[in-house]
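Structural overview for review
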Amino acid sequence: MSNQPVDQSRRTWVTIACIAGGAGGVATAVPFVSTFQPSERARAAGAAVEADISALKPGEMMTVEWRGKPVWIVRRTPEQLAELDKIASELVDPKSERKPNELTPEYARNVHRSIKPEYLVAVGICTHLGCSPSAKFKSGPQPSLPDNWPGGFLCPCHGSTFDLAGRVFKNKPAPDNLEIPPHMYLSDTKLLIGEDKKA
């Protein structure tokens, strides 16, 4: 073992080279790791979206975006649910039998059009010309609505009306019920919109 003196200038250059190489490695890795997250384009193309419904109270609605479309999540009250059975004769497609593969997944082909009766998950785009209806949850007579209005949605552009299951009323411009997107519950308070177990 020799006792030669340490070349301090060489040691300094080696240290600088290691630091510069490490910084370059980190700078290269950051963009690479970020590619694992879905891009805006992927989200717009249909990547699934999580929704936290823990703060949603009965009678309230929240909106999330999926595939560039508004998706409504409505927590219906017991009174609102009771109305759904009473108005079948006033609806175009009360059992969601028209275009089932496009508009209503099998698990939502019921009077509530939902997995859990309390929650409606629907794409908030009118099936007439693609306008976005307004929430009109209060029942009873109101401007542009019938005197026996049970609560639901009104498309202000051409007057189409939908009940609180997204089913279209008769004699309106909209031909079909609102679309129910594929969705599933991750827990009692979290929804995944855009995927279901069968998709």
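To be clear, the structure that these remarks concern was listed above.
Since we're looking at a predicted model, the values are computed, not measured.

Now for helix 3 (residues 78–86). Of all the residues in helix 3, the buried ones are Gln80, Leu81 and Leu84. One face of helix 3 carries all of its buried residues, which in axial projection span an arc of 100°. Helix 3 presents Pro78, Glu79, Asp85 and Lys86 as exposed residues on the side facing more than 90 degrees away from its buried surface. At its buried positions, helix 3 is contacted by strand 3 (69–75) and strand 7 (161–163).

This next bit is on the side chain of Thr104. For Thr104, the position within the fold is in the loop between helix 4 (100–103) and strand 4 (119–123). Residues contacting Thr104, with those up to four places away along its chain left out, are Ser96, Lys99, Arg109, Arg113 and Ile180.

Once that is clear, we can look at unusual backbone geometry. Backbone geometry places Arg113, a non-glycine residue, at a positive phi of 55°. Although it is not a glycine, Asn171 sits at a positive phi angle of roughly 60°. Topologically, Asn171 is positioned in the loop between strand 7 and strand 8 (183–185). For Asn171, a relative accessible area of 80% translates into the label exposed.

What counts and how
Residues numbered from 1 in each chain as written. Predicted model: local features only at pLDDT ≥ 70, side-chain atom pairs only at ≥ 80, totals over all residues. Heavy atoms only, no water. Buried < 20%, exposed > 50% of the residue type's maximum accessible area, 1.4 Å probe, protein only. Helix = DSSP H or I, 4+ residues; strand = E, 2+ residues; numbered from the N terminus. Arc of directions from axis to C-beta. Contact = heavy atoms within 4.5 Å.

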